[in-house]
Amino acid sequence: MAEITYVRGDATTPQGKGVRVIAHVCNDLGGWGKGFVLALSRRWPEPEAAFRRWHRERAKNDFGLGGLQLVQVEPYGWVANMVGQRGIRTGRSTGVPVRYEAVDTALAALGERALELGASVHMPRIGCGLAGGRWAKVEPLVAARLTARGIPVTVYDVD
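Cut-off values and rules
- Every residue gets a number counted from 1 within its own chain, in the order that chain's sequence is written.
- Per-residue local features are limited, in this predicted model, to residues with pLDDT of at least 70; the limit for side-chain atom pairs, both in listing and counting, is 80 or more; totals at the level of whole chains, interfaces and linings are taken over all residues.
- Excluded from the side-chain calculation are hydrogens and water; included are all heavy atoms of the structure.
- Two strands are counted as paired when DSSP detects at least two bridges linking them.
- By the criteria applied, helices consist of DSSP H or I runs no shorter than four residues and strands consist of E runs no shorter than two, each listed in order from the N terminus.
- Comment: axis = line fitted to C-alpha atoms, over the contacting stretch for helices; angle = value between 0 and 180 degrees taken between N-to-C directions.
- Throughout, a contact is declared for two residues whenever any of their heavy atoms are within 4.5 Å.
- Each cavity reported here is a set of points on a 1 Å grid over the protein atoms alone in which a 1.4 Å probe fits but cannot get out, each pocket an open set with protein on both sides within 12 Å along at least five of seven lines, and each lining residue one with an atom within 4 Å of a point.
- Grid points are joined across faces, edges and corners, and a volume is the space filled by probe spheres set on the points.
- Residue type decides the class: Asp, Glu, Lys and Arg count as charged, Ala, Val, Leu, Ile, Met, Phe, Trp, Tyr, Cys and Pro as nonpolar, and the leftover types, Gly among them, as polar.
- Here the aromatic set is Phe, Tyr and Trp, taking the six-membered ring for Trp, and pairing holds for ring centres within 6.5 Å; pairs whose planes are under 30 degrees apart are stacked, those over 60 apart are edge-to-face, and all others are tilted.
- Think of it in three bands: with a 1.4 Å probe and only protein chains considered, a residue is buried below 20% of the maximum accessible area for its type, exposed above 50%, and partly exposed in between.
- Geometric relationships in this document are graded by angle, where less than 35 degrees denotes roughly parallel, more than 145 denotes roughly antiparallel, 65 to 115 denotes roughly perpendicular, and other angles denote oblique.
- If you view the pair so one helix is near and one far, a crossing is left-handed when the near helix is turned anticlockwise from the far one by less than a right angle, and right-handed when it is turned clockwise.

**Focus: the sheet that holds strand E3 (residues 68–74)**
Right, on to step 1. Spatial strand order, E1-E6-E5-E2-E4-E3: six strands in an open sheet with mixed pairing. Each end of this open sheet is capped by a strand with a single partner; those strands are strand E1 (4–8) and E3. With direction set aside, neighbouring strand axes in the sheet form an average angle of 30 degrees.
Right, on to step 2. The pairing of strand E2 (residues 20–27) with strand E4 (residues 77–85) spans eight bridges and is parallel. Looking at the pairing, Cys26 lines up with Val83 of E4.
Right, on to step 3. Contacts between helix H2 (residues 46–56) and the sheet are confined to E2, E3 and E4, with E3 contributing the most and set at about 150 degrees to the helix.
Right, on to step 4. Along the sheet face, helix H4 (residues 135–145) touches E1, strand E5 (120–123) and strand E6 (153–157) and points at about 130 degrees away from the line of E1.

So this is what it looks like as structure tokens:
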């Protein structure tokens, strides 16, 4: 069983060798413009373009809560767009947008793909920024769906 490693740094520049997947949580509205996605878009245009196309063509694909989209950005680098957030937080919002069951479903799918790719997974504290989730609820999902299957996970906290 692998463990979750916590480091200070930028999740868009994952540490280590081999195939690496950067995982993050997206909303189900097709919005891309705040939070961690801005750092991704500064590095690569492909994850945003693929996410917007996935949302736009959602009537013909699997876009929705719990969905996973893997986008290759480098020869050994991928970005995992995981739909784990219902809507976005607004001034009138009650409750948080994160949907833990959707995050769990997406992580399970990511686990399958990471094993196929022989990849490690790298992420910020997914679902805990704009999505409003608590790491105490997300961390066990990451452990169950990834590290318990032998997939190394590194979680990055910004300096």
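**A closer look at the layout of surface pockets**
Right, on to step 1. One number sums up the size of the largest pocket: a volume of about 520 Å³.
Right, on to step 2. Taken together, 22 residues line the largest pocket, and the ones lying closest to its centre are Lys34, Gly35, Gln85, Leu130 and Ala131.
Right, on to step 3. Elements that contribute at least two residues to the lining of the largest pocket include exactly E2 and helix H1 (36–43).
Right, on to step 4. With four residues, the top contributor of residues to the lining of the largest pocket is E2.
Right, on to step 5. Residue classes in the lining of the largest pocket are distributed as eleven nonpolar, eight polar and three charged.

**Concerning the packing of aromatic side chains**
Right, on to step 1. A complete count under the given rule lists five aromatic pairs for this structure.
Right, on to step 2. Ring geometry for Tyr6 against Trp135: centres 6.4 Å apart, planes inclined by 85 degrees, an arrangement best described as edge-to-face. Here Trp135 lies in helix H4 and Tyr6 lies in strand E1, a separation of 129 residues in the sequence.
Right, on to step 3. With relative accessibility at 34%, the residue Tyr6 sits in the partly exposed group.

**A word on the packing of helix H3 (residues 100–117) against H4**
Two quantities define a packed helix pair, namely the angle between the helix axes and the distance between the axes.
Right, on to step 1. At a closest axis distance of 9 Å, the pairing of H3 and H4 adopts a crossing angle of 25 degrees. Taken together, the axes of H3 and H4 lie roughly parallel to each other. The handedness of the crossing between H3 and H4 comes out as right-handed. Facing Tyr100, Val103, Asp104, Leu107, Ala108 and Gly111 of H3, the residues of H4 in contact are Lys137, Val138, Leu141, Val142 and Arg145.
Right, on to step 2. Of the residues assigned to the contact of H3 with H4, the class counts are seven nonpolar, one polar and three charged.

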